[in-house]
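Spelled out, the chains give:
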Amino acid sequence: MHLRTRLKHLALAGAALAVVTATLPGAAVADSGGRDHHPSDRGLSAVIRYTEYGIPHIVAKDYANLGFGTGWAQAADQVCTLADGFLTVNGERSGAFGPDAAPDGSLSSATTNLSSDLYFRGVRDAGTVEELLRTPAPAGPSRDLKELMRGWAAGYNAWLRKNRITDPACAGADWVRPVTALDVARRGFAVSVLGGQGRAVDGITAARPPAASPAAARAGAATPEFPDPERAAEAARALFAPENATMGSNAVAFSGAATANGRGLLLGNPHYPWQGGRRFWQSQQTIPGELNVSGASLLGTAVVSIGFNDKVAWSHTVATGVPLNLHQLTLAPGDPTSYLVDGRPERMTPRQVTVAVKGGAPVSLTQWWTRYGPVVGGLGAQLPLPWTTTTAYALNDPNAANLRGSDTALGFSRSRSTQDIADTLKRTQGLPWVNTIAADSAGHSLFSQAQVLPRITDELAARCSTPLGRATYPASGVAVLDGSRSDCALGSDPDAVQPGVFGPAKMPVLRDTPYVENSNDSAWLANADRPLTGYERIFGTVATPRSLRTRGGVEDVSAMAARGGLTVADLQRQQFANRAPAGDLAAADVARACPAALPDDTEACRVIEAWDRTVNTDSRGALLFDRFWRKFTAAVPSAQQWLVPFSPADPVRTPHTVNTAAPGFAKSLADAVAELRAAGIPLDAPLGAHQFVVRNGERIPVSGGTESLGIWNKAEPVWNAAGGGYVEVAHGTSHVQAVGWDGGRCPVARTVLSYSQSSDPGSPHYSDQTRLYGAERWVTSRFCEKDILRSPALRVVVVRG
């Protein structure tokens, strides 16, 4: 009741507060009306209190009003990025920017604007999202979520009406337009299908049937009916390999058995793109008596995706479950747009899609759909799936029927324990491509790989895989089933909220162990002392080599748990420990072999030997080893990189002992040395002198390192030797939260958003947290009302009708 009373007081004092103290942080804006910061939209309103680093604390009386405040505040920080995304999901990029330019990749894998538009315009023309919105909960979105989306659109539009955009990315652009709740839902749909249809956009839009003439049929008889299985299996493995992804994460939850006070601890470290529409944005959302949560949202969404409240904290890691499968179609003789099921022909459904193109005539193309989903011509450039006169391939993506992900996040936000988190996962079944790791104030820990996955059991794959599927499924989890047999349908689990997916009872889950950890490998070693087994191959592998990041992470957190007495400060130290597991495993061997590999270069050998095996900004030798290690692991097959092979009985410590006799070792080392010298970079230069980002002319050194080195604090930087080394971060550590509880009413939380709140160079919050991140410092979270109101940076904006 205290917070409700304060809300009333703030609302009554809104006008005075706005005049005296309110300036709109986030994107640099100029008020088109001069003084009025109170947009009116259908009577919606919210109070936004900004604290340090432009973090908004949004208070509203219900979900529509909370969405209104959230949409307003996101627009203030990220209007250009948001507008670009809405252009994408409405299939309008080619009309604004031309057909050949590339989207930023945040909402699909499309390589051109035209391909992106053809796909998203097809979704729009088919009314796919509208149908999902009409689906009753729990299979469809809840009323609370619909109200949030309605309010978000209204808040975004109100901000556009009341402010002039000064961000040069879209200032004066005619493609920045008002949006609807349907647009917000379409953006949520795009996020849901990122791992399925979104991964195959080029393949969907480029799929064309061959000519159906007798001559073409005869010619087609000599054409391979499917790719070479061995090469296809390797392509599928590479397509879904965590080391090749632009998103990943680490997360660890400690139970009370490992902590100083018997309460839980959680460290979440998602690795996401630093630019574009897949960035996180921080806020606190409060509906008095109903909801109070702090954390990070994906841009364009109205809910906190990763966060905490006064009782529970959670994070996500990108999971190994494969959220799609293929059906190999046997085509009807003489008709490549009909396929056989149990010997009977079934016609494909044509969907003609027309896209407006800047400076040219509209482009119209036909997509072809089946009972299984769209026909695809391939999964990425490396896995072509040719449509011949006898064979085609259709993609099944169960997340194309899933608009529940935000309801899962909303349920987490209202949770009071890890049991509530588990119950939310069971009820909503909305997460398309992530694991969940959680801890609570009572001392519980939780790992769950609750994903929306096609119901591909190992038995079904063994019975129904085509020759191609018999190669791809074991290698990658990508099933290719015989689409000509109705007995190969996916079926349903009784506890699943939609047909054709696994129910909660089949998901890998681990509760209340001293630690649970994931770094984008399968669920098998969520706790190395209690390996998870018994799940289907589509969820991931068991008893296979782990990445160096997983191995290093498990070593670190298991040692922390064994030591015990942990606090939030220990989580903070782990985040920026910057240990390089590859260095611990290989640097001594490399230094010993170096004189033989580089007989005329004692300096390089001395630098590698002296390197401290970390990727701190002051680490000398880290850059040389990094450049060598990238070249070595690219040139030498993984099976030849180590002398001691992987052992399932010792999965964290094997393989080990680098194979310095491998072909490519000496050349990789020599090439790395030559590369740095040619760029004028000293071999023993501190890492931060040559790994940095530039913001408004300011050079900000950053620590961390690449996937292949196994770094927890991951950074995938952009190499530009002429520019001085690594001159930008493409993706890596993004929104970090270290959360615990001390028995009081407020959680103990530290956060940092590596790339800051705003993408507008004119904003005071364009690079402030980036400087924090570079200095390995944190933001002390202001969760409780008393702490918000004590902030020396407090700014209050009342947005209302």
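Residues numbered from 1 in each chain as written. Predicted model: local features only at pLDDT ≥ 70, side-chain atom pairs only at ≥ 80, totals over all residues. Heavy atoms only, no water.

Q: Would you mind going over the pattern of salt bridges with me for this structure?
A: Under the definition given, this model contains 40 salt bridges. Salt-bridge contacts for Asp493 lead to Lys506; the nearest nitrogen and oxygen are separated by 3.6 Å. On the criterion of sequence distance, the pair formed by Asp493 in the loop between β20 (480-482) and β21 (509-511) and Lys506 in the loop between β20 and β21 is long-range, its members being 13 residues apart. In this structure Asp493 comes out as buried when scored by relative accessible area, which is 7%. Given a relative accessible area of 35%, Lys506 falls into the partly exposed group. Salt-bridge contacts for Arg579 lead to Asp584; the nearest nitrogen and oxygen are separated by 2.7 Å. Connected through shared salt-bridge partners, Glu459, Arg463, Arg485 and Asp487 make up one network. (Salt bridge = Lys/Arg side-chain N within 4 Å of Asp/Glu carboxyl O. Helix = DSSP H or I, 4+ residues; strand = E, 2+ residues; numbered from the N terminus. Buried < 20%, exposed > 50% of the residue type's maximum accessible area, 1.4 Å probe, protein only.)

Q: What's the story with helix α19 (residues 602-610) in this structure? I'm lost.
A: A turn of α-helix holds 3.6 residues, and therefore any two residues three or four places apart point the same way. Those residues of α19 not exposed but buried are Ala604, Cys605, Val607 and Ile608. When α19 is viewed along its axis, its buried side chains cluster within an angular range of 160° and face the same direction. When the buried face of α19 is taken as reference, the exposed residues oriented beyond 90 degrees from it are Thr602, Arg606, Glu609 and Ala610. Residues of α19 that are buried sit in contact with α18 (581-597), α20 (622-635) and α21 (665-678). One side-chain oxygen at the N-terminal end of α19 lies 3.4 Å from the backbone nitrogen of Glu603; it belongs to Asp601. (Arc of directions from axis to C-beta. Contact = heavy atoms within 4.5 Å. Polar contact = N/O pair within 3.5 Å; in protein donor to acceptor, adjacent residues only side chain to side chain.)

Q: Which parts of the structure should I look at to understand the sheet that holds strand β2 (residues 46-51)?
A: Strand order across the open sheet formed by 10 strands is β21-β19-β18-β10-β9-β8-β7-β3-β2-β32, with mixed pairing between neighbours. The strands lining the two open edges of the sheet, one partner per strand, are β21 and β32 (795-799). Sheet twist, expressed as the average angle between the axes of neighbouring strands with direction ignored, equals 20°. Where strand β10 (residues 312-318) and strand β18 (residues 434-440) come together, 7 bridges link them in antiparallel fashion. Within β18, the position partnered with Val312 by the bridge is Asp440. The strands touched by helix α3 (residues 63-89) within the sheet are β2, β3 (55-59), β7 (280-287), β8 (291-298) and β32, with β7 carrying the most contacts at an inclination of about 155°. (Pairing = 2+ DSSP bridges. Axes fitted to C-alpha atoms, helices over the stretch in contact; angles between N-to-C directions.)

Treat this as a map of the structure, not an account of what it does.
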